[in-house]
Amino acid sequence: MTDAAALKAEGNKLFSQKNYPAAIEKYTAAINADGQNAVLYANRAACYLSLKEYLNAVGDANQAGSLSATKIDPTYSKAYARLGTAHDKLSEHWLSVNDWQKALDTLPPGDDRTREQYAAGLRAAQLALEKLKDAASDRAIVMNSRTTTLPWVAARPLLPGLVTRRETRSSAWVIHEAYQACFLTFLIIFHRPLLMGRLGLLERITDAILQDNRVFHLTDNNFISNYNRQVQLEATQSQAWPESGPNQIKKEALQRLQQHGWDNVRSALSVTIRCWIMRGYIDGNLRGQRQAEIEFLSRALDILEWGVKPGQTSPAVTGAPSLRLLSFAESAHSTNHLQDLEDLLRRAEDQIREIDENPFPTDTDAAPGWVLAFGDYCKGHAYAMKGFYYNQRGNKELQAERKTNPDAGHEFYRQAAAAYVASAECFPQDDETHAWFLSCALQAMWSYRAPIRDQLPPLDKLRESQPLMLKIWKYSQMSQGGRDMLIDNTLRRQDTYKAALANGTATLDDRRAAT
């Protein structure tokens, strides 16, 4: 038995034991011994699929310009099936349809069971593709560009006063700077296609979304197609790896570093990372594909963590983890699995600790919105995820014990309220997020029947922040989703409490729940 065959056998045994990382090591060693064996790449791709590392799986199954299973053996049906599975997991159904068809076309006759499996994969991919065509229009963030009270428009006239008062803690800075960062990109992609070809647009729009993703809006149906052409241009110019997996990129980046130097590699890595961040954001927020969003953001962070020095900060280093954390929260909300919630809590606590240990630079040259967005805002979102975790745990305990335990869920709700208050304090008073998370804190307080004395301080802060928030955020995605109704209903509780305290029908120690 050759060395490659022996290593393959060891890898197969480890795979059957579901020890996928160890199996990958064996298959990799086998590939190093016999790089022309398509089965080895396909087997390693199966490991990556089991680990949910779908981009690496794509790389092993079919990586343009590199050795892969289908490049070595274009008739290897199983490799196309694994490629189709990976593309399906990435919501790239326009690719998986072709993969499953090739799997069927290259499958030898006589294996009817496998043929039916591949046919089922093709039918599922075709159905998913049809649904995907409608998803963007259903979820698109469409706002009328002629509306003069959009947040970035409303923020602009407030800036001179902020400058005069030397007030840097305002959401006006954040949304204004985010809009300025992507304005040229929107202008070119939406209205000036002849100017497309200008490099650096991907960096501008990515930085804007990382600074404040509320700035992203569509006013033109051609955005995605024009954006994709821009990505293709910048990826070609920089020789980036938008379709490769992290493992392949790390290998090729080191080779290119020796041949062409750091500037060449830095440009390619930057474009690759930003392609993935934008792809993840579009998949999650326009197509509703949260798993694909998490995958692309995770791969971007994989390369970032590999390529940056410890303690180094940048918009991508600080902002991408926060964006991914929001994706994990959406996923955990949809599944409501305890394991997903625990994972969310761990990631939120890690983000808070990372920001505390490596704060975003606050030197005098940094724009105020930049400092807020990549410091307090990221920390605030992490605290909000902790609040969400404890609230969900409270709901689970209440559901399980409501008949036997009158205080079921109360300790979790108490921790949720504390986390939401901490989150709100990270945002300026004039940010709608400050008011929103104060409302979330009060909802949690009602769930554990907090004393009136504990509810009044956040109610007072909410009352104070509402008019400030409306100056900038009167019209926003959150306002369209029922924000103002929630806040108004919450503030009515303050009026009720004050009236009851004044007429003596309540005391500060009275515990009040939701009514």
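Computed from a prediction, not measured in an experiment: that's the story for all the values here.

Trainee: Explain helix α24 (residues 483-503) here, please?
Mentor: Since the α-helix advances by 3.6 residues per turn, residues separated by three or four positions end up pointing in the same direction. Taking 1.5 Å as the rise per residue, α24 with 21 residues should run 30 Å; its terminal C-alpha atoms sit 31 Å apart, in good agreement. Considered for burial, the residues of α24 that qualify are Arg483, Ile487, Thr490, Leu491, Arg493, Gln494, Tyr497 and Ala500. Contact partners of the buried residues in α24: α21 (432-447), α22 (452-473) and α23 (477-480). Backbone geometry just after α24 places glycine 504 at a positive phi near 85°.

Trainee: I would appreciate a short explanation of the layout of surface pockets in the present structure.
Mentor: Approximately 1,500 Å³ is the volume attributed to the largest pocket. Around the largest pocket, the lining is made up of 48 residues, and of these Asn213, Leu326, Glu330, His381 and Met478 lie nearest the centre. Those elements that place two or more of their residues in the lining of the largest pocket are α9 (151-155), α12 (201-211), α15 (262-286), α16 (290-307), α17 (315-335), α19 (368-401), α21 and α23. Residue contributions to the lining of the largest pocket peak at nine residues, all from α19. Within the lining of the largest pocket, the residues separate by chemical class into 25 nonpolar, 15 polar and eight charged.

Trainee: It is not clear to me how the side chain of arginine 279 should be interpreted in this structure. Could you clarify?
Mentor: Along the chain, arginine 279 falls in helix α15. Not counting residues within four places of it along the chain, the set of residues in contact with arginine 279 comprises Leu90, Ser91, Glu92, Trp94, Arg287 and Phe296.

Trainee: It is not clear to me how the environment of leucine 501 should be interpreted in this structure. Could you clarify?
Mentor: Relative to the helices and strands, leucine 501 is located in helix α24. Placed 49 residues apart in sequence, leucine 501 and isoleucine 452 show a C-alpha to C-alpha distance of 9.6 Å. Apart from residues lying up to four places away in sequence, leucine 501 is in contact with Ile452, Leu456, Ala506, Thr507 and Leu508.

Trainee: What is the right way to read the nonpolar core from this model?
Mentor: Counting 119 residues, the largest nonpolar core has Val215, Phe216, Ile277 and Leu344 as its most contacted members. For this core, the element with the highest residue contribution is α15, accounting for twelve residues. The next biggest cluster of nonpolar side chains, apart from the first, holds twelve residues, and it includes Ala81, Val97, Tyr118 and Ala125.

Trainee: What exactly am I supposed to notice about a nonpolar patch on the surface here?
Mentor: On the surface, Leu254, Leu257, Trp262 and Trp306 cluster together into a nonpolar patch covering about 390 Å² of accessible area. Structurally, the position occupied by tryptophan 306 is in helix α16.

Trainee: Would you take a moment to explain the packing of aromatic side chains for this structure?
Mentor: Given two aromatic rings, one states the distance between the centres and the angle between the planes to describe the pair. Evaluated as defined, the whole model comprises nine aromatic pairs. Look at phenylalanine 15 and tyrosine 20: their rings are 5.3 Å apart centre to centre, the planes differ by 65°, and that puts the pair in the edge-to-face class. When the ring of phenylalanine 216 is compared with that of tyrosine 281, the centres are 5.5 Å apart and the planes differ by 80°; the resulting orientation is edge-to-face. With phenylalanine 216 in the loop between α12 and α13 (223-238) and tyrosine 281 in helix α15, this residue pair connects regions lying 65 residues apart in the sequence. Looking at arginine 214, its charged tip hangs above the ring of tryptophan 473, at a distance of 3.9 Å from the centre. The positively charged end of arginine 493 is found above the aromatic ring belonging to tryptophan 446, 4.1 Å away from the centroid.

Trainee: What should I look at first to understand the packing of helix α18 (residues 338-357) against α19 in this one?
Mentor: The description of two packed helices rests on the angle between their axes and on the distance between the axes. Running from N to C, α18 and α19 cross one another at 155°; their axes reach a closest spacing of 9 Å. Classified by the interaxial angle, the pair formed by α18 and α19 is roughly antiparallel. Classified by chirality, the crossing of α19 by α18 is left-handed. Classifying every residue of the contact of α18 with α19 gives 14 nonpolar, three polar and seven charged.

Trainee: Please clarify how the pattern of salt bridges should be interpreted in this entry.
Mentor: A side chain of one charge can pair with a side chain of the opposite charge when the charged atoms of the two come close. The tally for this structure, following the rule as stated, stands at 26 salt bridges. The residue arginine 274 makes a salt bridge to aspartate 207 at a minimum N-O spacing of 2.9 Å. Taken together, the residues span a long stretch of sequence, with arginine 274 in helix α15 and aspartate 207 in helix α12 at a distance of 67 residues. Classification of arginine 274 as buried rests on a relative accessible area of 11%.

Calculation criteria
Residues numbered from 1 in each chain as written. Predicted model: local features only at pLDDT ≥ 70, side-chain atom pairs only at ≥ 80, totals over all residues. Heavy atoms only, no water. Helix = DSSP H or I, 4+ residues; strand = E, 2+ residues; numbered from the N terminus. Expected span 1.5 Å × (residues − 1). Buried < 20%, exposed > 50% of the residue type's maximum accessible area, 1.4 Å probe, protein only. Contact = heavy atoms within 4.5 Å. 1 Å grid on protein atoms, 1.4 Å probe; cavity = no way out; pocket = protein on both sides within 12 Å on 5 of 7 lines; lining within 4 Å. Points joined across faces, edges and corners; volume = space filled by probe spheres on them. Nonpolar A, V, L, I, M, F, W, Y, C, P; charged D, E, K, R; others polar. Core = buried A, V, L, I, M, F, W, Y, C linked by side-chain atoms within 4.5 Å. Patch = residues over 30% accessible without salt bridge, like charges linked within 9 Å, V, L, I, M, F, W, Y side chains within 5 Å. Areas by Shrake-Rupley, 256 points an atom, 1.4 Å probe, with all protein chains shown as cover. Salt bridge = Lys/Arg side-chain N within 4 Å of Asp/Glu carboxyl O. Phe/Tyr/Trp six-rings, centres within 6.5 Å; stacked < 30°, edge-to-face > 60°. Lys NZ or Arg CZ within 6 Å of the ring centre and 35° of its normal. Axes fitted to C-alpha atoms, helices over the stretch in contact; angles between N-to-C directions. Parallel < 35°, antiparallel > 145°, perpendicular 65-115°, else oblique. Left-handed = near helix turned anticlockwise from the far one by under 90°.

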